[in-house]
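Structural overview for review
What follows is the residue order along each chain.
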Amino acid sequence: MLSPGNPYVLPSVLVAAGAYLAVTLLTDASVLLRIALLAFLAGVVPVVLNRILGASTADAAAGESAEEPPEA
C-alpha cells in the first residue's frame with residue numbers, strides 16, 4: 001500500500017514535513033511526539049486514503065493485466 005503507485009504518498013509526505021516543521025517551530029512538543037505525528041501523516045494516512053478512495057494505479061494495472069486473456 002505504501003508504494004510509488006499510491007497517488008497519496010507524495011502529498012502526505014509533504015504535509016507531514018510541513019506539520020513537523022510547524023510543530024517544531026510553534027510548540028514545545030517533545031521529539032517523540034513530533035516523530036509520531038510525522039510517521040502518522042506520512043505512513044498511515046496515504047494507506048487509509050488509498051483504501052477509502054480506491055486502489056492505486058499500480059495495483060489496478062497489475063490486476064487488469066492478470067485478468068486479460070492471452071492474445072493468439
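Above this text is the structure in question.
Residues numbered from 1 in each chain as written. Predicted model: local features only at pLDDT ≥ 70, side-chain atom pairs only at ≥ 80, totals over all residues. Heavy atoms only, no water.

**Here's the deal with the packing of helix H1 (residues 9-26) against helix H2 (residues 31-53)**
- It is at 8 Å that the axes of H1 and H2 come closest, and there the two elements cross at 165 degrees. Comparing the axis directions of H1 and H2 gives the class roughly antiparallel. H2 is crossed by H1, and the crossing has right-handed handedness. Across the interface between the two elements, Val9, Ser12, Val13, Val15, Ala16, Ala17, Ala19, Tyr20, Val23 and Thr24 from H1 touch Arg34, Ile35, Leu37, Leu38, Leu41, Ala42, Val45 and Pro46 from H2.
- Across the contact of H1 with H2, the residue classes tally to 15 nonpolar, 2 polar and 1 charged. (Axes fitted to C-alpha atoms, helices over the stretch in contact; angles between N-to-C directions. Helix = DSSP H or I, 4+ residues; strand = E, 2+ residues; numbered from the N terminus. Parallel < 35°, antiparallel > 145°, perpendicular 65-115°, else oblique. Left-handed = near helix turned anticlockwise from the far one by under 90°. Contact = heavy atoms within 4.5 Å. Nonpolar A, V, L, I, M, F, W, Y, C, P; charged D, E, K, R; others polar.)

**Side note on H2**
- With 23 residues, H2 ought to run about 33 Å at 1.5 Å a step, and its terminal C-alpha atoms sit 32 Å apart, in line with that.
- Its maximal kink placed at Val44, H2 deviates by approximately 35 degrees, while the proline Pro46 follows within four residues.
- When we look at burial in H2, the residues that qualify are Arg34, Leu41, Pro46 and Asn50.
- Residues of H2 that are buried sit in contact with H1.
- Following H2 by one or two positions, Gly54 has its phi on the positive side, about 130 degrees. (Expected span 1.5 Å × (residues − 1). Bend = angle between axes of the 7 residues up to and from the residue. Buried < 20%, exposed > 50% of the residue type's maximum accessible area, 1.4 Å probe, protein only.)

**Quick word on the side chain of Arg34**
- Along the chain, the position of Arg34 falls in helix H2.
- Although Arg34 is buried, it makes no salt bridge; Asp28 carries the closest opposite charge, 7.6 Å away.
- In this view, Arg34 contacts Tyr20, Val23, Thr24 and Ala29; residues no more than four positions away in its chain are not counted. (Lys, Arg positive; Asp, Glu negative; His and termini not counted. Salt bridge = Lys/Arg side-chain N within 4 Å of Asp/Glu carboxyl O.)

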